[in-house]
Amino acid sequence: MLSRVWLIARREYRERVRTRGFVITTILIPLLMGGFVFGSIFLGSKTVSDRHIAVVSIDTELALDLQTELEREQRQRDDAAASSAPAAAKKTARIFVDAMNSGPEVRGELNQELESGDLDGYLWITPAAVAGGRPTFAYTSKSGGDAAMRGTLASALDRVLIREQLAHRGVVATEMDAMLQPVKVAAVERGPHTDTESAKVSVSVLFFIMYLVIMLYGMNVARSIIEEKTSRIFEVLLAAVRPEAMMAGKIIGVGAVGLTQVGIWLTAGFVLAAASAAIHLGGDTIHITISGMQIVFFLIYFILGYLFYSSIAAALGAMTNSEQELQQLNMFLMIPLLLCFGMLGPLLTAPDSTLARVMALIPPFTPLLMYMRVSLGHPAVWEVAASIVLLSVSICGIIWVTSRIYRVGVLMYGKRPSVREILRWLKYS
Amino acid sequence: MAIVQLDHIRKVYDTKVAVEDLSLSVDAGMMFGLLGPNGSGKTSSIRMMIGMTLPDSGLVSLFGKPFTRGVLWRVGYLPEERGLYKKMNVLEQLVFLGQLRGISEAEARRRSRNWCEKLQITEAMPKKTEDLSKGMQQKIQFIASLLHNPDLIIMDEPFSGLDPVSAALLMDTLVELRSQGKAVLFSTHRMDQVEKLCDAIALIHRGQLVVSGTMQEVKSAYPRNRVQISFEGDDGFLRHPAIASVKRYPGQVEITMRPSQTLTEDTQLLLAEAMRCARLTRFEVSEPTLEDIFIEKVGQSSPEDLAELAMRQNAVGGEADA
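Calculation rules
- Residues numbered from 1 in each chain as written.
- Chains lettered and ligands numbered in written order.
- Predicted model: local features only at pLDDT ≥ 70, side-chain atom pairs only at ≥ 80, totals over all residues.
- Helix = DSSP H or I, 4+ residues; strand = E, 2+ residues; numbered from the N terminus.
- Buried ≥ 20, exposed ≤ 12 C-beta atoms within 10 Å, placed from the backbone.
- Contact = placed C-beta atoms within 7 Å.
- pLDDT = per-residue confidence, 0-100.
- Expected span 1.5 Å × (residues − 1).
- Arc of directions from axis to C-beta.
- Pairing = 2+ DSSP bridges.
- Axes fitted to C-alpha atoms, helices over the stretch in contact; angles between N-to-C directions.
- Parallel < 35°, antiparallel > 145°, perpendicular 65-115°, else oblique.
- Left-handed = near helix turned anticlockwise from the far one by under 90°.
- Nonpolar A, V, L, I, M, F, W, Y, C, P; charged D, E, K, R; others polar.

Q: When you look at the overall build of chain B in this model, what are you seeing that I'm missing?
A: Each helix and strand counted, chain B has 10 helices and 14 strands in total. The buried share of chain B, reckoned over its 322 residues, is 36%. A separation of at least 24 residues holds for 72% of the contacts in chain B among residues at least 6 apart in sequence.

This is the structure in structure tokens:
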């Protein structure tokens, strides 16, 4: 029995690894994914655009104060950027401010300039109606939702007004600077994850890999079962091997191909990490930080997750007769995986939230989500243990059900079984 | 000891009775033909013989014991639906299938080569299966089912779709295996193939046994009322009153005699009459062919009968399902 499982798994493995498709995905997927990850960081850091805005106010002093405040902020940002990345002089978005007096025809001119693109927006300051009150501000921009600029202006105006108030109370400029110095909050974390940002990147990459490989190879199991059904080699095999052994061999063989692929990718990742301990891109420093524990947990959850989903896929393959029929059923695979994918964002920001803790214990979500929690959060030991036990138990259950469906389903040609029939198969033998 | 023994097996698929009360037995050194038109239940019966599906009732015994998967290593099976891994190298494929049957890799390789030589397809060995002709693929499957030297060989439609030369080659191989003491059972809807090859037959129609027994038993139940005459000259003798019907072919006729107590005498009279009219090169008296027997047995039921039978089967299927 075992030697037959081995024979089937070996055949499956050999035939798959030799295909052109395997070679192509092995090379192409990391290239695409790496390109995507680094590309987005690169683009994010390079897309700095200068802004040109106008400040319109009867009170020219206020407009000029705002101008100097914005310039001061600019200097601070430049300094911060320069200190974080000395190698690549980072450029930040510059804001050019024109201060001007309001007049009846000014708004029309400004709107024209806005239209022509000479101006990105203008701030209209209406003086306070009562003495000692605050003036009102309105920011008009080309792109209605320029929230970032509105935020920058609001905080700058806050400080300008505070300065004004402070000046009224006789505070000198140097003291004001000290008082208004922005507070810095350093990101220091308990535990091993010191370099949070790059940890998130490398963990996310592994998440993508796990997601892709489980989905691709789960579907491969289903597809190869359908292929054997349509090529009718099933009957030949069934005369020699138990259906359970066939299924086991197939899942192991296809899974081994997936492991090989992940192994190649991880090795390549390590070589890359070793070759350049830190890759500088556009001033942001991305370390490829993968710890040994992370890889161990990645492999554990990857293997369990693959077993979970490929067993379901095997049942789907056994129940259907063609790729088209399979596509109607593959939502059973896709939906839980997509839900996991949707959880990626919440997990990255709060890996130990109640939602994350509950979701990570539900077997279909465990492989991807618990892996993320182990890598980024601080799950209790019992949570990790419980997730593995729950997942393993449900895998056993699924394999039990699947092997029954498989045994009968593989010989069903022609029509798709009804739910009632499937329930009958479970009772049969 | 019977190698294959079916006792009153019955199999119902949801709405269709596939096999109804089928009993047969096959001995060692015997060539057994399972005959019937398409959809008559041949494949269902064969699948139950090797435990691929289970009968709803009745008993399947192989090698004298109730069926277990443990005896499958002694069985060689060629399914009706031909299936091979399309992208796989032929020799590798044979070795893999041989290994699955429990023989070592080296032995599987050696036997595969020998069989390929025997069936004259050595040039196919290094090729991919999908590059081969259908006939070649069939030969490869044929080999795959025999690699582990089984004592019982079960083949579902082994000669369908083969050219006459290849079919003859496979038939010769089966005859040789029989002479080695193997039990061979094959199904076919081509009755003419069976006449020469088989020691015993079972003829099934709509899942039910119509005729069964050794070839002699089957034939001796029928009078020798078929006469084949090859002749040149006047065909006036065909108006002889003892003749029931005549089929004319170029240079020869096939005659069915009227049922009669004096059939042998009638036939002799016909011979005398024919010799008087024409120059004969052949005059042969025989039992009806299997095809004639089959048509006679099955053709008795009129279309109305058949429709009613189908409805009754549906009703039975429905009850079994509920």
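Q: Is there a simple way to think about the confidence of the model for chain B in this case?
A: Interpretation of this model should avoid reading the predicted coordinates in detail wherever pLDDT is low. Residue and element names in this part refer to chain B. For chain B, the average pLDDT comes to 85, and 93% of its residues sit at 70 or higher. Note on residues 315-322: pLDDT is under 50 here. Beyond four places in sequence and across chains, it has 9 contacts. Across the whole predicted complex the pTM is 0.70, and at the interface the ipTM reaches 0.74.

Q: I keep staring at helix H5 (residues 147-168) of chain A and nothing clicks. Help me out?
A: Helical geometry: 3.6 residues make up each α-helical turn, so side chains three or four residues apart lie on a common side. Residues and elements named next belong to chain A. Its 22 residues place the ends of H5 31 Å apart at the C-alpha level, agreeing with the 32 Å of an ideal helix rising 1.5 Å per residue. Taken residue by residue, H5 has Leu-153, Ala-156, Leu-157 and Val-160 as its buried positions. Summarising the axial view, the buried residues of H5 lie within an arc of 105°, below the 170-degree limit, and thus occupy one face. Facing away from the buried side of H5, by more than 90 degrees, are the exposed residues Ala-147, Ala-148, Gly-151, Ala-154, Asp-158 and Gln-165. Gly-170 sits one or two residues past H5 and shows a positive phi near 80°.

Q: Help me out: how do you make sense of the sheet that holds strand S1 (residues 51-56) of chain A in this one?
A: For sheets, the rule is that strands pair by backbone hydrogen bonds, running either parallel or antiparallel. Residue and element names in this part refer to chain A. Taking strand neighbours across the sheet as the criterion, the 4 strands line up as S2-S1-S3-S4 in an open arrangement whose pairing is mixed. Strand pairing shows two members of the sheet lacking a second neighbour, strand S2 (95-100) and strand S4 (136-141), which therefore form its edges. Each strand of the sheet is rotated relative to its neighbour by a mean of 20°, with strand direction disregarded. Relative to S4, H5 is tilted by about 155°, and along the sheet it contacts S1, strand S3 (121-126) and S4.

Q: What is the right way to look at the sheet that holds strand S13 (residues 252-257) of chain B in this model?
A: All names here are of chain B. Strand order in the open sheet formed by 4 strands is S12-S13-S11-S14, with antiparallel pairing between adjacent strands. Of all the strands in the sheet, just strand S12 (243-249) and strand S14 (278-286) have a single pairing partner and so form its edges. Looking at each pair of strands side by side, their axes are set apart by 20° on average, direction ignored. Pairing analysis gives 6 bridges linking S12 to S13, with the strands arranged antiparallel. Following the sheet pairing, Tyr-249 is matched in S13 by Gln-252.

Q: Is there a simple way to explain the pairing of strand S10 (residues 208-214) of chain B in this structure?
A: Remark: a regular strand shows side chains that alternate across the two faces of the sheet. All names here are of chain B. As paired elements, strand S9 (residues 200-205) and S10 share 6 bridges and run antiparallel to each other. Bridge pairing in S10 links Leu-203 to Val-211. The antiparallel hairpin formed by S9 and S10 contains 2 residues in its connecting segment, where Arg-206 sits at a positive phi of about 50°.

Q: What's the story with the packing of helix H14 (residues 366-376) of chain A against helix H15 (residues 381-409) of chain A in this structure? I'm lost.
A: Relative placement of two packed helices is described by the angle separating their axes and the distance separating the axes. All names here are of chain A. Following both chains from N to C, one finds H14 and H15 inclined at 165°, their axes separated by 11 Å at the closest point. Taken together, the axes of H14 and H15 are roughly antiparallel relative to one another. For the pair H14 and H15, the crossing hand works out as left-handed. On H15, the residues touching Thr-366, Pro-367, Met-370 and Val-374 of H14 are Val-384, Ser-387, Leu-390 and Leu-391. Grouping the amino acids of the contact of H14 with H15 by side-chain chemistry returns 6 nonpolar, 2 polar and no charged.

Q: Explain the interface of chain A and chain B here, please?
A: Where interface size is given, it is often the accessible area lost as the parts come together that is meant. Taken together, the 17 residues of chain A in the interface contact 21 residues of chain B. Looking at the side of chain A that touches chain B, the elements that each hand over two or more residues are helix H1 (2-17) and helix H8 (233-238) of chain A. When residues in the side of chain A that touches chain B are grouped by element, the largest group, 6 residues, is from H8(A). Here the residues of the side of chain A that touches chain B are counted per class, giving 10 nonpolar, 1 polar and 6 charged.

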